Amino acid sequence: MAKLDTRAIGLDGGLKFIRWLTGAEHLHYGYWPGIDVNAGNFGRAQEAYTAKLFEQLPKEPCRILDIGGGAGETAKKLLALGHSVDIVVPSALLAERCRANAAGATVHEMGFEQYAGAGPFDLCLFSESYQYIPLEIGLARCLELLSPNGQVVIADCFRREGVTFENDVQRVGGGHPIQRFRETLAGLPLKTIHEEDITSAVAPSVEIEQELFNVIGYTLGRIDEELEAKRPFQRSVLNRLWRVLTSARTRTRLDQRLNQRTRTAEAFGAYNHYLIMRLKRSA
């Protein structure tokens, strides 16, 4: 029996939802300073995030490698500014959306680890994609692809030093441990020319997501109440089947996601740094 591709299902559903909510297909956090935190403003916050990210780009048109380029929304804006863009994305679904949204870009459907394209690039860009690439590969591979004066821009989560989790606690955020990243960077011919911690500015995005799941959880709870009151036998059968098909850990984590508020801006800030940084060859 073929294995279900839950990743593709999640991406497809997520893209359709975010397009319905915002009219675009951004797959990144929002940047919230000066913006009321509610779902109706999520698209506006995502546009503010892109503007913040673009502060780190060269002013003159250049050749950019957009690594993990999502659905191509960032590349579309880069093209409009006159840049030449190559996109590396690991899935057929994202590659299809990149070709539709950023028609002038060259799209490579593969992981960055497998990318064998030719440089030189003036800029390697990671927008919430650096965390998915092994530390020993990401920046080292960029150095092979960059022009002599090339730069790397990273906007992503990093785990705070010393963070640990209980087995059943939702791990809001993610990314490489910050200390391991610093150690990796120190061993490479790259220097940091800009670094900014914007954790508190992006953290409200987590609460928008949590509110969506709470709405789903409330709806499922109401269905369960109706079944218990009016179809108790059918509800009992479904409940037993659910317990047979799922582990106690899975049920606990789903209850946290759907019915509790463990994924908060405060929890995100306690576990993560969200950094925007620009790196340049040092030799």
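Residues numbered from 1 in each chain as written. Predicted model: local features only at pLDDT ≥ 70, side-chain atom pairs only at ≥ 80, totals over all residues. Heavy atoms only, no water.

### Thoughts on the pattern of salt bridges
Part 1: Going through the model one piece at a time under the given rule, you end up with eleven salt bridges.
Part 2: Among the ionic pairs, glutamate 195 bridges to arginine 182, the shortest N-O distance being 2.8 Å. Within this pair, whereas glutamate 195 is found in strand E7 (residues 190–197), its partner arginine 182 is found in helix H6 (residues 178–186), the two being separated by 13 residues in sequence.
Part 3: What makes glutamate 195 partly exposed here is its relative accessible area of 35%. (Salt bridge = Lys/Arg side-chain N within 4 Å of Asp/Glu carboxyl O. Helix = DSSP H or I, 4+ residues; strand = E, 2+ residues; numbered from the N terminus. Buried < 20%, exposed > 50% of the residue type's maximum accessible area, 1.4 Å probe, protein only.)

### What to know about the pairing of strand E8 (residues 272–281)
Part 1: With nine of ten residues buried, E8 lies mostly within the body of the structure.
Part 2: The sheet contact formed by strand E5 (residues 146–159) and E8 spans nine bridges and is antiparallel. The residue bridging valine 152 from the neighbouring strand is leucine 279, located in E8.
Part 3: As paired elements, E7 and E8 share seven bridges and run antiparallel to each other. Across the sheet, residue histidine 194 finds its bridge partner in E8, namely arginine 278. (Pairing = 2+ DSSP bridges.)

### Details of the layout of surface pockets
Part 1: Size it by volume and the second largest pocket reaches roughly 590 Å³.
Part 2: If you go around the second largest pocket, you meet 16 residues; those closest to its centre are Leu220, Gly221, Asp224, Asn239 and Trp242.
Part 3: Residue assignment for the lining of the second largest pocket shows that the elements contributing at least two residues are helix H8 (204–230), helix H9 (232–245) and helix H10 (248–259).
Part 4: Counting residues per element, the lining of the second largest pocket draws most heavily on H8, which supplies six residues. (1 Å grid on protein atoms, 1.4 Å probe; cavity = no way out; pocket = protein on both sides within 12 Å on 5 of 7 lines; lining within 4 Å. Points joined across faces, edges and corners; volume = space filled by probe spheres on them.)

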